[in-house]
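Listed below, chain by chain, are the residues.
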Amino acid sequence: MSRTHTAVLITGDGIGPEVIGAARRVIEATGVKMNWIECPAGLEHFEKHGEVLPDATLEALKTHKVALKGPTATPIGTGHRSVNVQIRQKLNLYAAVRPVRSLDGIATRYKDVELVIVRENTEGLYSGIEHEVVRGVVESLKIVTEEASTRIAEFAFKYAESRGRKRVTVFHKANIMKMADGLFLKCARQVHERHPRIEYNELIIDNGCMQMVRDPSRFDVLLLDNLYGDILSDLCAGLVGGLGVVPGANFSEEIAVFESVHGSAPDIAGKGVANPLAAIMSGVMLLNHLGETEAGARIKQAYNAVLASNDAAVRTRDIGGQADTAAFTDAIIARMK
Ligand code: ATP
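Residues numbered from 1 in each chain as written. Predicted model: local features only at pLDDT ≥ 70, side-chain atom pairs only at ≥ 80, totals over all residues. Heavy atoms only, no water.

Enquirer: Honestly, the nonpolar core in this entry has me stumped. Any pointers?
Expert: Soluble globular proteins: nonpolar side chains tend toward being buried together. Of all hydrophobic cores here, the largest spans 86 residues; its most connected members are L223 and I332. In terms of residue count, helix α9 (residues 277-289) provides more of this core than any other element does, eight residues in total. Two domains each put at least three residues into this core: domain 1 (1-95 + 244-337) and domain 2 (109-240). In this structure, L223 is in contact with V118, I152, A153, A156, V168, T169, V170, F171, F184 and A188, ignoring residues within four places of it in sequence. In terms of nonpolar packing, the next biggest core, distinct from the first, is built from 17 residues, V8, V52, A60 and V257 among them. (Core = buried A, V, L, I, M, F, W, Y, C linked by side-chain atoms within 4.5 Å. Buried < 20%, exposed > 50% of the residue type's maximum accessible area, 1.4 Å probe, protein only. Helix = DSSP H or I, 4+ residues; strand = E, 2+ residues; numbered from the N terminus. Domains from an automatic or database assignment. Contact = heavy atoms within 4.5 Å.)

Listed below in structure tokens is the structure:
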């Protein structure tokens, strides 16, 4: 008999419960036995209980070490830090991985996009250290450490090696932030020396963005600091069909939290029209992480087939269809049988 896996489930805010519910149904349809530990976090929980990230949720993540997480919103103007930033920093989830791939049946200007974003998740301009120096003058500190920069570069090169990737490219602005981005680059170069079989190159980020929209198929693994990684994630999502089709994962040495790139999308929340694919793809990454690669492959083959059918009745509006979340999910499950 196959074993039961335990994982934390955070449905989150906005479209979170809709897309995570869909991902859960698809995972269950594979027959893999999951024991989901449902834990709260985010704005809705804050409005009811006055806290955005309960200690019990953090403890559950530490205990079970694997999670599927929906988007969480943060109350604005209350002094609360972003739930995502808190989870990443408190659990040391230092590496965000976002695979961005062209999908058959999703018409965009680009074919053959097959890149992976590796984003440093714990420092840079997300250190949250801001203050007013004198009235009318504020400072926001970009913290870059040798330790975190080396750690994320090591992760990117090892990821490239283990996945048969060929090249790591760093986007940076070291011509302006000579010390901060300069240190990030120095660490990446040193780590590259330990991984000589992987090619390495650097692009100033403005040039990198231009090259990206001209021909994204030239890129393989991108190694980015926290803010650049955030921005490039959305940019690259736009190249392959939008935020509805890009999954993600956040890793520490022990813990893995699988989570789409998109936010809580309040403009479409509660309407049942959100695209569940990014959450489903994040679920595939979770299954692969748990060693359930056959189940993961079955889901992937099913959603590829649904998209390739080019049938507007079984795809959501953001990717040119008329289906709601449930109909798209049903179509994927039907293809798995
Ligand atoms: P955050 O600040 O939490 O990252 P955001 O403001 O960047 O969020 P999202 O909440 O991700 O943005 O939404 C950006 C746009 O993309 C919105 O118009 C939203 O409706 C759309 N969008 C995001 N995710 C999906 C999805 N899964 N399906 C359909 N549309 C989506």
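Enquirer: Just checking my understanding: could you explain the pattern of salt bridges for this structure?
Expert: A side chain of one charge can pair with a side chain of the opposite charge if their charged atoms are brought near each other. Tallied over the full model, the rule gives 18 salt bridges. Ionic pairing is found between R24 and E38, a salt bridge with its closest N-O pair at 3.1 Å. With a gap of 14 residues between them, R24 in helix α1 (residues 16-29) and E38 in strand β2 (residues 33-38) connect regions that are remote in the sequence. For E44, the salt bridge identified is with K48, shortest N-O distance 3.4 Å. Residue E44 and its partner K48 are both found in helix α2 (residues 43-49); the two are separated by four residues, about one turn of the helix. Judged by relative accessible area, K48 falls into the exposed class, the value being 60%. (Salt bridge = Lys/Arg side-chain N within 4 Å of Asp/Glu carboxyl O.)

Enquirer: Could you clarify how one ought to interpret the packing of aromatic side chains in this entry?
Expert: The way to describe two aromatic rings as a pair is by their centre distance and the angle between their planes. With the rule as written, the count across this model stands at six aromatic pairs. Centroid distance Y94 to F155: 6.0 Å. Interplanar angle 85°. Geometry classified as edge-to-face. Of this pair, Y94 sits in the loop between α4 (83-90) and β4 (95-101) while F155 is found in helix α5 (residues 146-162), placing the two residues 61 residues apart along the sequence. The same class applies to Y94 and to F155, which are both buried. Among the aromatic residues, ring-to-ring pairing joins Y94, F155, Y159, F251 and F258 into one connected group. Over the face of the ring belonging to Y126 we find R119, whose NZ or CZ atom lies 5.2 Å from the ring centre. (Phe/Tyr/Trp six-rings, centres within 6.5 Å; stacked < 30°, edge-to-face > 60°. Lys NZ or Arg CZ within 6 Å of the ring centre and 35° of its normal.)

Enquirer: What should I look at first to understand the pairing of strand β8 (residues 167-172) in this one?
Expert: Within a regular strand, the side chains alternate between the two sheet faces. When you tally the buried positions in β8, you get five out of six residues, the bulk of the element. Where β8 meets strand β9 (residues 199-204), six bridges bridge the pair, whose relative direction is parallel. Looking at the pairing, T169 lines up with N201 of β9. Handedness of the β-α-β unit built from β8, helix α6 (residues 180-193) and β9 comes out right-handed. (Pairing = 2+ DSSP bridges. Right-handed = clockwise from strand over helix to strand, strands pointing away.)

Enquirer: Sorry, what's going on with the site of the ligand here?
Expert: The environment of the ligand is made up of I15, L243, G244, H262, G263, S264, A265, D267, I268, A274, N275 and D318. A distance of 3.4 Å separates an oxygen atom of the ligand from a polar atom in the backbone of S264. In the model, an oxygen atom of the ligand is placed 2.7 Å from a nitrogen or oxygen of the A265 main chain. Isolated, the ligand exposes 610 Å² of accessible area, and the fraction of that covered by the protein chains is 59%. Residue classes in the shell around the ligand are distributed as five nonpolar, five polar and two charged. (Near = heavy atom within 4 Å. Polar contact = N/O pair within 3.5 Å; in protein donor to acceptor, adjacent residues only side chain to side chain. Areas by Shrake-Rupley, 256 points an atom, 1.4 Å probe, with all protein chains shown as cover. Nonpolar A, V, L, I, M, F, W, Y, C, P; charged D, E, K, R; others polar.)

Enquirer: Which parts of the structure should I look at to understand empty space enclosed by the protein?
Expert: By rolling a water-sized probe across the atoms, one finds the places where empty space is left. The full count for this structure, using the stated rule, is two cavities of 30 Å³ or more. Considering only enclosed or pocket space, the largest cavity measures out at about 90 Å³ in volume. Taken together, 15 residues line the largest cavity, and the ones lying closest to its centre are K142, V144, F184, D225 and N226. Taken together, the elements giving at least two residues each to the lining of the largest cavity come down to β8, α6 and α8 (226-240). If one sorts the elements of the lining of the largest cavity by residue count, α6 sits on top with three residues. Here the residues of the lining of the largest cavity sort into six nonpolar, four polar and five charged. Considering only enclosed or pocket space, the second largest cavity measures out at about 30 Å³ in volume. Together, R88, A96, R98, G248, A249, N250, E259 and S260 line the second largest cavity. At the level of elements, β4 and β11 (249-251) are the ones that each hand at least two residues to the lining of the second largest cavity. (1 Å grid on protein atoms, 1.4 Å probe; cavity = no way out; pocket = protein on both sides within 12 Å on 5 of 7 lines; lining within 4 Å. Points joined across faces, edges and corners; volume = space filled by probe spheres on them.)

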